[in-house]
Amino acid sequence: METVAQKTILNEIVKRFAEPAKSRFKSYHLTILIYMDHILELVISKYMLFRVKFEEKKTTLAEMKKSQLNLELLSKEKLQESLVLVKEKAHHSFANLQSMHEQCRSHHETPELFCEPYIHNGFRPVNQPYSYYAKSLFTKHNETINAWSHYLGAIYTMYLAFTMDFSDPYSWPILTCLITSTIMFVSSATAHLMHQKSHLCHMTCFLCDFGGISFNGFGASFMQTFMSAPVWYYQSLEPYLLPLIGLQSALCCLLNSLAQTKYKRPYPPIKRFLQFAPCGLLWIFSILPLFINYLMNEPDGFKISYAYHFGHIFTFLAGAAFFALDFPQRFFPGRLDFFGQGHNIFHVCIFFVVYFQFKACHTDFVTNRELIAQTRQEPNFFNCFLSLAVLVGYYFYMIRSFYNMIKHNFDMEGNLKITKQIKK
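Given the structure is predicted, the values throughout are model-derived calculations rather than measurements.

The next point concerns the overall build of the protein. Across its full length, the protein carries 13 helices and zero strands. Going residue by residue from the N terminus, the α and β elements of the protein occur as α-α-α-α-α-α-α-α-α-α-α-α-α. Counting all 424 residues of the protein, 43% fall into the buried class. Contacts in the protein between residues at least 24 apart in sequence constitute 74% of all its contacts with a sequence separation of at least 6. Counting every atom, the protein has about 24100 Å² of accessible surface; 69% of that belongs to carbon and sulfur.

See below:
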């Protein structure tokens, strides 16, 4: 918009256009000055507008930074509050776990079924919720080592099963054994963790435990015979191998379940005989080809794994001796209640049995892959995995049958109807 001064100058210019050329030149000069003044005003106005917007933007950024700082402070405060809350919950949980340990009872306050010879303390109270016994995995009692040793074993065998390459069908017997070992570890650890809820729960848990042991006997025998037996031995036995070890495994489950349900404490020696005899026969059958190999010195390739094989044999015999003889707690009654009792050592030995079996058979497989492929029929889905499914079905049927046979002896809480009294 033109100012009054500009209008005056323009009028003056119009008047002078009628004058001579000299005056016109001055008029042109004045016109240029007017428009320069106009451009300058425009630039100044634009600059002022820019300054206003810049200041507004600067203010906005400052406010944003301030709000961001407030948010950061708020989030830090919330994080600190969350950490404090987590710490309080952890402390509360730890205190609860400690109080659970303080609830452990002596053998005088525990029903006879749950007591073990020469173990005097560390028995958890009966008739608690299942969650109580699950949480007791993280507390100190006389089954803590038995549970942890086999849960860690299950983690190890699952790790091997998921991380190794089993694309070669000739390696499938090893995978079969890892599957059966994992199931054995989980069933055994869970049985020791949960069995003290009630009498019926105790019986059922250890029926499942014996099923897992029998299941692993099948997988271990199949793997060792396939990977480590002499050529002539395996070829003569091949048509009958799976039915033979399957029947032995089924017999293990049957006799162990019978011993568990038939005999009452104090257990007679026949109970342990019925438990150990079928498992021992299946184990002897699985190691027989190793001794034949060693005595006949053929083939030389199978000798490389002898250190692992003999490690497996030694740890199995040592663990069985500690368990069967109640050693060393027999000589230190009440002093090995939480750690060092024979059953703890037996569980650790079983872990090393599985470890040495795997290392021995895997070494035989890697060393003698070509010989195994030439002298063995290629494993298929049926003999490696479908046979496991058949056995699992049998174990469930067997456990269910024994459960139905004994459940009428228990009340709604799972305790014996006749002998509910506490030992004095």
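Take the packing of aromatic side chains next. With the rule as written, the count across this model stands at 22 aromatic pairs. When the ring of Y156 is compared with that of F351, the centres are 5.7 Å apart and the planes differ by 65°; the resulting orientation is edge-to-face. With Y156 in helix α4 (residues 144–163) and F351 in helix α11 (residues 342–367), the pair connects residues that are 195 residues apart, well separated along the chain. Between F352 and F356, the ring centres sit 6.3 Å apart and the planes meet at 35°, which makes this aromatic pair tilted. Pair noted here: F352 and F356 are both in helix α11, with a separation of four residues, about one helical turn.

What follows deals with the packing of α4 against helix α5 (residues 172–194). At their nearest, the axes of α4 and α5 sit 8 Å apart, and the two run at 155° to each other. When the axis of α4 is compared with that of α5, the two are roughly antiparallel. The two elements α4 and α5 cross, and the hand of that crossing is left-handed. Residues N146, A147, H150, Y151, G153, A154, T157, M158, L160 and A161 of α4 lie in contact with α5, whose contacting residues are L175, L178, S181, T182, F185, V186, S188, A189, T190, H192 and L193.

At a closest axis distance of 10 Å, the pairing of helix α6 (residues 199–228) and helix α13 (residues 381–406) adopts a crossing angle of 155°. Taken together, α6 and α13 sit at an angle that is classed as roughly antiparallel. Two packed elements cross with a definite hand, and for α6 against α13 that hand is right-handed. Counting all contacts with α6, which are made through L200, M203, T204, L207, C208, G211, S214, F215, F218 and F222, the residues of α13 involved are N383, C384, S387, L388, L391, V392, Y395, I399, F402, Y403 and I406. Across the contact of α6 with α13, the residue classes tally to 16 nonpolar, five polar and no charged.

The subject of this paragraph is the UniProt feature "transmembrane region" (unreviewed entry) in the protein. As recorded in UniProt, the sites labelled "transmembrane region" (unreviewed entry) are residues 145–164, 170–194, 206–234, 273–294, 306–326, 338–358 and 380–397. With 90% helix and 0% strand, residues 306–326 has its two end C-alpha atoms placed 30 Å apart. Spanning residues 338–358, this segment combines 81% helix with 0% strand, and its end C-alpha atoms are found 30 Å apart.

Most often, soluble globular proteins keep nonpolar side chains buried together rather than apart. The biggest cluster of nonpolar side chains holds 39 residues, and the ones touching the most others in it are I174, F222, F226, M227, L241 and I245. Those elements giving two or more residues to this core turn out to be α5, α6, α7 (231–237), α8 (241–262), α9 (269–296), α11 and α13. Not counting chain neighbours up to four residues away, the residues in contact with I245 comprise F218, S221, F222, L282 and F285. In terms of nonpolar packing, the next biggest core, distinct from the first, is built from 11 residues, A147, A191, M194 and C205 among them.

A separate point is the pattern of salt bridges. Within the structure shown, the criterion is met by three salt bridges. Measuring nitrogen to oxygen at the nearest pair gives 3.5 Å for the salt bridge that ties D326 to R272. In this pair, D326 is assigned in the loop between α10 (306–324) and α11 and R272 in helix α9, connecting sequence segments 54 residues apart. The exposure class assigned to D326 is buried, which follows from its relative accessible area of 10%.

Right, let's talk about the UniProt feature "binding site: Zn(2+)" (unreviewed entry) in the protein for a bit. Here, UniProt's "binding site: Zn(2+)" (unreviewed entry) annotation points to H192, H343 and H347. On the basis of their most widely separated C-alpha atoms, the annotated residues across 156 residues gather in one place, lying no more than 11.1 Å apart. Take H343: it is sitting in helix α11. Leave out the neighbours within four places in its chain, and H343 touches N146, H192 and F323. Turning to its location among the elements, H347 is positioned in helix α11. With near-sequence residues (within four places) excluded, H347 lies in contact with N146, S149, H150, S188 and H192. A distance of 3.0 Å separates the side chain of H347 from the backbone oxygen of N146, its partner in a polar contact.

On to α9. Owing to its 3.6 residues per turn, the α-helix aligns residues three or four sequence positions apart on the same side. Between its first and last C-alpha, α9 extends 38 Å over 28 residues, near the 40 Å set by a 1.5 Å rise per residue. The largest bend in α9 is about 35°, located at I287, with the proline P289 one to four residues further on.

What counts as what
- Residues numbered from 1 in each chain as written.
- Predicted model: local features only at pLDDT ≥ 70, side-chain atom pairs only at ≥ 80, totals over all residues.
- Heavy atoms only, no water.
- Helix = DSSP H or I, 4+ residues; strand = E, 2+ residues; numbered from the N terminus.
- Buried < 20%, exposed > 50% of the residue type's maximum accessible area, 1.4 Å probe, protein only.
- Contact = heavy atoms within 4.5 Å.
- Areas by Shrake-Rupley, 256 points an atom, 1.4 Å probe, with all protein chains shown as cover.
- Phe/Tyr/Trp six-rings, centres within 6.5 Å; stacked < 30°, edge-to-face > 60°.
- Axes fitted to C-alpha atoms, helices over the stretch in contact; angles between N-to-C directions.
- Parallel < 35°, antiparallel > 145°, perpendicular 65-115°, else oblique.
- Left-handed = near helix turned anticlockwise from the far one by under 90°.
- Nonpolar A, V, L, I, M, F, W, Y, C, P; charged D, E, K, R; others polar.
- UniProt positions renumbered as here; feature names shortened; annotations may be inferred.
- Core = buried A, V, L, I, M, F, W, Y, C linked by side-chain atoms within 4.5 Å.
- Salt bridge = Lys/Arg side-chain N within 4 Å of Asp/Glu carboxyl O.
- Polar contact = N/O pair within 3.5 Å; in protein donor to acceptor, adjacent residues only side chain to side chain.
- Expected span 1.5 Å × (residues − 1).
- Bend = angle between axes of the 7 residues up to and from the residue.

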